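Residues per chain are reported as follows:
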Amino acid sequence: MKQYETSHLVKGEDLNHHGTLFAARAAGWLVEAAFVAAGCTCGTSEGIVCRNLHHMSFRKPVHKGAIVRFAARVVYVGKSSFTVMVTGADAMDGECRMEGMITFVTIDEAGGKRAHGICLDAAADENERRQRERASAEMEALRSTGGK
């Protein structure tokens, strides 16, 4: 699937009491990047709602002045839901700083689930194949525990 990119400059107001990127700000940016991929993949931003933020994790701290480049792509599809994998890397050195998966549901005007029509194409590379396997395992785990 096509990968979509967004970037953010980490400013003073984005920091926590340790002087590193505040997790809630990072979560917002991850969901925003995922929504860009979701909307572009669906061809509209209407009728797409966030259902779940899975496994957001930091690999390294992010400091003031860093530019974080978010890369997002759809990695799993159900009938009315789909999951987007997002990685946030330092734009200067390319090192991954954070990642997460976000699941969206497509809804109709009444708020009921509706089919989105997204079909996964062939994985472009090994990284995309691994992301899809990870998302598939996560969704299977949610189903087996009654989370979906």
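In the block above lies the structure referred to throughout.
Predicted model only: the values in this text are computed from it and were never measured.

Chemist: Would you take a moment to explain the nonpolar core for this structure?
Modeler: A general feature of soluble globular proteins is that nonpolar side chains tend to end up buried together. Core analysis: the largest hydrophobic core is formed by 25 residues, its most contacted members being F70, F82, V84, V86 and F104. Among the elements of the structure, α1 (23–42), β3 (67–77), β4 (81–90) and β5 (96–106) are those that each provide at least two residues to this core. The dominant element in this core, judged by the number of residues it contributes, is α1, at seven residues. By size, the runner-up hydrophobic cluster in this structure holds seven residues, among which are V75, Y76, A135 and L142.

Chemist: Help me understand the pattern of salt bridges, please; the structure alone is not making it clear to me.
Modeler: Working definition: two side chains of opposite charge can pair if their charged atoms are close together. Evaluation of the coordinates by the stated rule reveals 16 salt bridges. Between R130 and E126 there is a salt bridge, with its nearest N and O atoms 3.8 Å apart. Taken together, the residues span about one helical turn, with R130 and E126 both in helix α2 (residues 126–144) at a distance of four residues. The class of E126 is partly exposed, set by a relative accessible area of 40%. Close ionic contact of R132 with E128 constitutes a salt bridge, the shortest N to O distance being 2.8 Å.

Chemist: Please clarify how α2 should be interpreted in this entry.
Modeler: Working note: α-helix, 3.6 residues per turn, so residues spaced by three or four point in the same direction. In this model, α2 (19 residues) spans 27 Å end to end at C-alpha, consistent with the 27 Å of a helix rising 1.5 Å per residue. On the buried face of α2, the contacting elements are β2 (48–58), β3, β4 and β5. With a side-chain oxygen lying 3.2 Å from the backbone nitrogen of N127, the N-terminal cap of α2 falls on D125. Following α2 by one or two positions, G146 adopts a phi angle in the positive range, close to 80°.

Chemist: Whenever I open this one, the pairing of β5 confuses me. Can you help?
Modeler: Of all 11 residues making up β5, 11 are buried, and the element is well covered by its neighbours. Note that β4 and β5 share nine bridges and pair antiparallel. By the bridge assignment, V86 is partnered in β5 with G100. Where β4 folds back on β5, the antiparallel hairpin that results is connected by five residues, among which G94 adopts a positive phi of roughly 75°.

Chemist: Explanation requested: the packing of aromatic side chains in the structure shown.
Modeler: In this description, a pair of aromatic rings is defined by centroid distance and the angle of the planes. Scanning all chains against the criterion turns up three aromatic pairs. Here W29 and F70 contribute two aromatic rings whose centre-to-centre distance is 6.3 Å and whose plane-to-plane angle is 70°, an arrangement assigned as edge-to-face. Of this pair, W29 sits in helix α1 while F70 sits in strand β3; the two residues are 41 residues apart in sequence, bridging distant segments of the chain. Taken together, the ring pairs in this structure connect F35, F82 and F104 into an aromatic cluster.

Chemist: Would you take a moment to explain the state of the cysteines for this structure?
Modeler: Working definition of a disulfide: a covalent bond connecting the sulfur atoms of two cysteines. Using the criterion set out here, one finds zero disulfides in the structure. The structure places no disulfide on C42, whose sulfur is separated from the nearest cysteine sulfur, that of C40, by 9.7 Å. By relative accessible area, which is 24% here, C42 ends up partly exposed.

Chemist: Help me understand α1 in this model?
Modeler: Under the 1.5 Å per step criterion, the end-to-end length of α1 is 28 Å for 20 residues, consistent within 8% with the ideal 28 Å. Along α1, the residues that are buried comprise A26, A27, W29, L30, A33, A34, A37, A38 and G39. Against the buried residues of α1 lie β1 (4–9), β2, β3, β4 and β5. One or two residues past the end of α1 sits G43, with phi positive at roughly 85°.

Quick notes on the rules
- Residues numbered from 1 in each chain as written.
- Predicted model: local features only at pLDDT ≥ 70, side-chain atom pairs only at ≥ 80, totals over all residues.
- Heavy atoms only, no water.
- Core = buried A, V, L, I, M, F, W, Y, C linked by side-chain atoms within 4.5 Å.
- Buried < 20%, exposed > 50% of the residue type's maximum accessible area, 1.4 Å probe, protein only.
- Helix = DSSP H or I, 4+ residues; strand = E, 2+ residues; numbered from the N terminus.
- Salt bridge = Lys/Arg side-chain N within 4 Å of Asp/Glu carboxyl O.
- Expected span 1.5 Å × (residues − 1).
- Contact = heavy atoms within 4.5 Å.
- Polar contact = N/O pair within 3.5 Å; in protein donor to acceptor, adjacent residues only side chain to side chain.
- Pairing = 2+ DSSP bridges.
- Phe/Tyr/Trp six-rings, centres within 6.5 Å; stacked < 30°, edge-to-face > 60°.
- Disulfide = S-S within 2.5 Å.

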